[in-house]
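Residue-level listing of the chains:
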Amino acid sequence: MAAKIIDGKQVAADMRAELKAETARLKAEGIVPGLAVVLVGEDPASQSYVTAKERACEEIGIYSDDNRLPADTTQETLMALVDKLNKDPKINGILVQLPLPKHLNESAVLLAIDPAKDVDGFHPVNVGKMVVGEEAFLPCTPHGIIQLLVRSKVKIDGAEVAVVGRSNIVGKPIANMLIQKSPTGNATVTVCHTRTRNLADHVRRADIIIAAAGRPNTITADMVKEGAVVIDVGVNRINDATKKSGFRLVGDVDFEAVSKKASLITPVPGGVGPMTITMLLYNTVVSAKRAAGKKA
Ligand code: NAP
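First things first, this report covers the structure right here in the doc. Just so it is clear, the structure is predicted and the values come from calculations on it, not from any experiment.

To continue, consider the overall build of the protein chain. Secondary structure summary: the protein chain contains ten helices and eleven strands in total. Its C-alpha radius of gyration of 19 Å places the protein chain within 12% of the 19 Å reference for a compact globule of 296 residues. Each principal axis of the C-alpha atoms in the protein chain carries an extent, and together these give about 55 × 45 × 35 Å. By residue count, 49% of the 296 residues in the protein chain fall in the buried class. Restricting to contacts in the protein chain with at least 6 residues of sequence separation, those with at least 24 account for 70%. Of note, the protein chain has its 37 positive side-chain charges centred 3 Å away from the centre of its 33 negative side-chain charges.

Attention now goes to the packing of helix H2 (residues 44-60) against helix H10 (residues 273-291). Where H2 contacts H10, the axes come no closer than 10 Å and their chain directions differ by 55°. Overall, the two elements H2 and H10 adopt an arrangement that is oblique. Two packed elements cross with a definite hand, and for H2 against H10 that hand is right-handed. Of the residues in H10, those in contact with Ala 52, Lys 53, Ala 56, Cys 57 and Ile 60 of H2 are Ile 277, Leu 280 and Leu 281.

Before going further, it helps to spend a moment on the nonpolar core. Residues Ile 145, Leu 149, Leu 178, Ile 210 and Ile 231 are the most contacted members of the largest nonpolar core, which totals 51 residues. Of all the elements, H10 adds the most residues to this core, at eight residues. Composition of this core by domain shows at least three residues from each of domain 1 (30-118) and domain 2 (140-275). Not counting residues up to four positions away in its chain, the partners in contact with Ile 231 are Ile 6, Ile 145, Leu 149, Ile 209, Ile 210, Ala 211, Thr 266 and Val 272. Counting residues in each nonpolar core, the second largest holds 20 residues, with Ala 162, Val 164, Ile 209 and Ala 221 among its members.

Here the focus is the sheet that holds strand E4 (residues 93-96). As summarised here, the arrangement of the three strands in space is E3-E2-E4, forming an open sheet in which the pairing is parallel. Two strands bound the open sheet, and with one partner strand each, they are strand E3 (63-69) and E4. Strand-to-strand twist of the sheet, defined as the mean angle between neighbouring strand axes without regard to direction, takes the value 15°. In the packing of H2 onto the sheet, the strands contacted are strand E2 (34-40), E3 and E4, and the crossing angle to E3 comes to about 160°.

What follows concerns the environment of Asn 92. Tracing the backbone through its elements, the reader meets Asn 92 in the loop between helix H3 (75-87) and E4. Between the alpha carbons of Asn 92 and Lys 20 there is a distance of 16 Å; along the sequence they are 72 residues apart.

What the six strands build is an open sheet, ordered E1-E11-E8-E7-E5-E6; its pairing is parallel. Each edge of the sheet is formed by a strand with only one pairing partner; in this case those strands are strand E1 (4-5) and strand E6 (188-192). The sheet contact formed by strand E7 (residues 208-211) and strand E8 (residues 229-232) spans four bridges and is parallel. Pairing of Ala 211 across the sheet is with Asp 232, part of E8.

In this section: the site of the ligand. Close to the ligand lie 20 residues, the nearest being Arg 166, Ser 167, Thr 194, Val 235 and Thr 276. Contact between the ligand and Thr 194: an oxygen atom at 2.4 Å from a side-chain N or O atom of the residue. Contact distances for the ligand include 3.4 Å between an oxygen atom and a backbone N or O atom of Val 233. For the ligand, the protein covers 70% of the area, taking 930 Å² as the surface of the free molecule. Taken together, the residues of the shell around the ligand break down into eight nonpolar, ten polar and two charged.

Rules of the game
- Residues numbered from 1 in each chain as written.
- Predicted model: local features only at pLDDT ≥ 70, side-chain atom pairs only at ≥ 80, totals over all residues.
- Heavy atoms only, no water.
- Helix = DSSP H or I, 4+ residues; strand = E, 2+ residues; numbered from the N terminus.
- Rg over C-alpha atoms; globule rule 2.2 N^0.38 Å.
- Buried < 20%, exposed > 50% of the residue type's maximum accessible area, 1.4 Å probe, protein only.
- Contact = heavy atoms within 4.5 Å.
- Lys, Arg positive; Asp, Glu negative; His and termini not counted.
- Charge placed at Lys NZ, Arg CZ, Asp CG, Glu CD.
- Axes fitted to C-alpha atoms, helices over the stretch in contact; angles between N-to-C directions.
- Parallel < 35°, antiparallel > 145°, perpendicular 65-115°, else oblique.
- Left-handed = near helix turned anticlockwise from the far one by under 90°.
- Core = buried A, V, L, I, M, F, W, Y, C linked by side-chain atoms within 4.5 Å.
- Domains from an automatic or database assignment.
- Pairing = 2+ DSSP bridges.
- Near = heavy atom within 4 Å.
- Polar contact = N/O pair within 3.5 Å; in protein donor to acceptor, adjacent residues only side chain to side chain.
- Areas by Shrake-Rupley, 256 points an atom, 1.4 Å probe, with all protein chains shown as cover.
- Nonpolar A, V, L, I, M, F, W, Y, C, P; charged D, E, K, R; others polar.

Structure representation (structure tokens):
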């Protein structure tokens, strides 16, 4: 069986069109969603992520507030900026681009963000609400994965899912979302990591495989059940002399071989990646609606 591709670019484009229409409706009522982006230092990858986030805001009509600070910014200055943004009514979401330079206390900064503006969904208040099934900002990458599954009409209810990876930004939250007693949950989830014995045995049982290990070829065809749905979160650079850059991006899944067995599969790039920024925009629009006392 040749797998169908889950086109993350297309799903993201559809969602952004919906968000653009929603933003226009809100604007007509005088509500302009606002996202503040905070970048400390000149790391090129972080700069390009921040630029992409700001451009995406502009495209759909979200006001974006750019805060770029020098690499030697003190903890005090950064905390004061977060405090100012917490109090600014034009700002509905605050995103501090990680990683921060080593001399700064990252968790203190994330804790200082008002949970009502924590559109990354990393604040322990939002994490806790997510776990107990209360309304919360869901972290963007796992929330994007749920959207890909739902919009591809994958049956999550009752499915066996193998999540490979237990990070705070992907593995743990996606596992939590999938076990919720909710229309996008009710799955039976196994979470695997480097201490898992016999990874293949767990993955082979799965109707849905979510690979978030950050290692190329973690999931090979012999580990995949015929007809499984495969979501590849990994983004890995591998050397490729045929590319001008000298490298290309691959996921955690042996795409070519696995796509012959899976029923649906996400490519890298163009699968989960485009969804992450889209869910950030989504959370910002939701936050603006909540701040205006509207149902989100
Ligand atoms: P991370 O913090 O490095 O976590 C990786 C997890 O995978 C760890 O829990 C690790 O286990 C587990 N792991 C690693 N090798 C394994 C193996 N061979 N077998 C089983 N488990 C293994 O990474 P992350 O931040 O979650 O990101 C994972 C990948 O997704 C990366 O490639 C990252 O670039 C990508 N990513 C993509 C997006 C996107 O928008 N597309 C967003 C976020 C992340 P231990 O806990 O035992 O070490």
